[in-house]
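# Notes for the structure review
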Amino acid sequence: MSTESTKRPTVETGTFLAELPYVRVGNGPQNLLILPGITLENAPPNGLAVWTYRLGFGHFARNYTVYVINRKHDMPPGYTTQDMAADYARVIVSELGSSHLMGFSTGGSIAQYVALECPGAVRSLVLIVSASRLSEEGRETCKRWQALARQERWQELRADMASVTVSSEANKRLARAFMKVFGRFVLKVPSDPSDFITTLEADLNHDTTGRLNEISAPTLLIGGSEDPFFSESLLRETAQKIPDAILHVYEGVGHGVPKERKRRYGNDTLAFLDDRLEGFSDGWVRLCPHE
């Protein structure tokens, strides 16, 4: 475990349960667990990743200790979003205690199952560019990425992944061109693509539509009207089925809400979380039936 103390907020890296790598940002009075979207590498974070997480999530560190926790390495074939949620639930129960939970995209799919299977451990739930299941366009994209990964066409895959995080066609073309030209120099070839392929399969099989009414945590959903993975109609359907949910749909933006609307989504999320700083019972362990 290492700690960086020369700047604020403080940053620490480590591994939970010898499996799940994390970056901790700040040391506020309550925990905010962030489950990131899909990545090509589930390795422990390096210097660049640590800097990125501090830059991206430092604004949440005022009232929260922020833990960005990735999935474990070497997941077996057939590992589902529900299985991944069980890994996170074990971290909450054994290491952190009741926490606020924020999931981005794939991380949001997993967070839904944490809230369903271990409800007392989740103070509140924030789903960023995530819904109960993928849209048809999102499914086709995931299948394309699986094929590219199996063929080890990394530059093409990274270019495709980069393009979905921006909205305008001009920026999509720019992102693709940059990754095709410079991707080989700035990004390493994945050490093992199997985790990426397994996670994509889990995304394709994820569907909590029939269980959304069981989510008891206060929930905030934020998405874009042009998201190819989680359409506006899916976002609205998901929010309507969760008993205590608030939905913000940002017009004219797609899956890149965290980058293209960083200030707005951060402010909306903090307003939601700060309303829930008080009044939570910590008698939560008994409500996690699988532990």
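Residues numbered from 1 in each chain as written. Predicted model: local features only at pLDDT ≥ 70, side-chain atom pairs only at ≥ 80, totals over all residues. Heavy atoms only, no water.

### Quick word on the pairing of strand 3 (residues 20–25)
Using the following cut-off: Relative accessible area decides the class of each residue, using a 1.4 Å probe on protein chains only: under 20% of the type maximum gives buried, over 50% gives exposed, and in between gives partly exposed. Helix numbers and strand numbers start at the N terminus; a helix is a DSSP run of H or I with at least 4 residues, a strand a run of E with at least 2. Here the rule is simple: two strands pair whenever DSSP picks up at least two bridges between them.
Here strand 3 lies mainly inside the structure; six of its six residues are buried. Where burial is concerned, the two faces of strand 3 agree: the one with L20, Y22 and R24 and the one with P21, V23 and V25 are both buried. Here strand 2 (residues 11–16) pairs with strand 3 via six bridges, running antiparallel. By the bridge assignment, T13 is partnered in strand 3 with V23. Counting the residues between successive antiparallel strands, the hairpin from strand 2 to strand 3 contains three residues, one of them, L17, with a positive phi of roughly 55°. The pairing of strand 3 with strand 5 (residues 64–69) spans four bridges and is antiparallel. What sits directly across from V23, in strand 5, is V68.

### Quick notes on helix 8 (residues 232–241)
Our working definition: As used here, the arc is the angular range of directions from the helix axis to the C-beta atoms. Only heavy atoms enter the contact rule, under which two residues are in contact if any of them lie within 4.5 Å.
Turning to helix 8, its buried residues are L234, L235, T238 and A239. Seen from one end, helix 8 has its buried residues packed into an arc of 130°, which puts them on one side. When the buried face of helix 8 is taken as reference, the exposed residues oriented beyond 90 degrees from it are S233 and Q240. Buried residues along helix 8 sit against strand 8 (219–224) and strand 9 (245–250).

### Here's the deal with helix 3 (residues 106–117)
Quick note on the threshold: Multiplying 1.5 Å by the helix residue count minus one yields the expected span of that helix.
Its twelve residues give helix 3 an end-to-end C-alpha distance of 17 Å, which sits within 8% of 16 Å, the value for a rise of 1.5 Å per residue. With twelve of twelve residues buried, helix 3 is to be regarded as a mostly interior element. Regarding helix 3, the residues found buried are T106, G107, G108, S109, I110, A111, Q112, Y113, V114, A115, L116 and E117. Residues of helix 3 that are buried make contact with strand 4 (30–35), helix 2 (81–96), strand 6 (99–104), strand 7 (122–128) and helix 7 (194–205).

### With respect to the packing of aromatic side chains
Put simply, the test is: Pairing of aromatic rings covers Phe, Tyr and Trp, the last through its six-membered ring, and needs centres within 6.5 Å; plane angles under 30 degrees mean stacked, over 60 mean edge-to-face, and all others mean tilted.
Tallying each qualifying case throughout the model produces seven aromatic pairs. With a centroid separation of 5.8 Å and an interplanar angle of 65°, the aromatic rings of Y22 and Y67 are classed as edge-to-face. Taken together, the residues span a long stretch of sequence, with Y22 in strand 3 and Y67 in strand 5 at a distance of 45 residues. Residue classification places Y67 among the buried positions, given a relative accessible area of 11%. Following the ring pairs from residue to residue traces out a cluster consisting of F57, F60, F104 and Y265.

### Concerning the nonpolar core
Burial of nonpolar side chains together is a common tendency in soluble globular proteins. Heads up, the rule is: The nonpolar core is taken to be a set of buried Ala, Val, Leu, Ile, Met, Phe, Trp, Tyr and Cys residues, with the residues joined through side-chain atoms within 4.5 Å.
Counting residues in hydrophobic clusters, the biggest one holds 35 residues, and the most contacted among them are L33, I69, L101 and L125. Among residues more than four places away in sequence, those in contact with L125 are L101, A111, A115, I215, A217, P218, T219, L220 and F272. By size, the runner-up hydrophobic cluster in this structure holds 27 residues, among which are L32, Y64, I128 and Y250.

### Some details on the environment of T209
What counts is decided by this rule: As used in this structure description, the phrase polar contact means that two N or O atoms lie within 3.5 Å; if the pair is within protein, one of them must be able to donate a hydrogen and the other to accept it, and residues adjacent in sequence are counted only when both atoms belong to side chains.
You can see T209 is positioned in the loop between helix 7 and strand 8. Through-space distance from the C-alpha of T209 to that of E237 is 8.7 Å; in sequence the pair is 28 residues apart. Once residues within four sequence positions are removed from consideration, T209 is found in contact with S132, R133, E237 and K241. In this structure the side chain of T209 is engaged in a polar contact, spanning 2.5 Å, whose partner is the side chain of D207.

### Section: the packing of helix 4 (residues 136–150) against helix 5 (residues 154–163)
Filter applied, for reference: With axes taken as lines fitted to C-alpha atoms, and helix axes fitted only over the stretch in contact, angles between N-to-C directions fall between 0 and 180 degrees. Each angle receives one of four descriptions, namely roughly parallel if under 35 degrees, roughly antiparallel if over 145, roughly perpendicular if within 65 to 115, and oblique otherwise. What makes a crossing left-handed is the near helix being turned counterclockwise from the far one by less than a right angle; a clockwise turn instead makes it right-handed. Any residue that is not Ala, Val, Leu, Ile, Met, Phe, Trp, Tyr, Cys, Pro, Asp, Glu, Lys or Arg is counted as polar, Gly included; the first ten are nonpolar and the last four charged.
Where helix 4 contacts helix 5, the two axes come as close as 8 Å, and the packing angle between them is 155°. Judged by the inter-axis angle, helix 4 sits roughly antiparallel to helix 5. Note on packing geometry: the crossing formed by helix 4 with helix 5 is left-handed. The residues of helix 5 that touch helix 4, namely those facing R144, W145, L148 and A149, are W154, E156, L157, D160 and M161. Of the residues in the contact of helix 4 with helix 5, the class split is six nonpolar, no polar and three charged.

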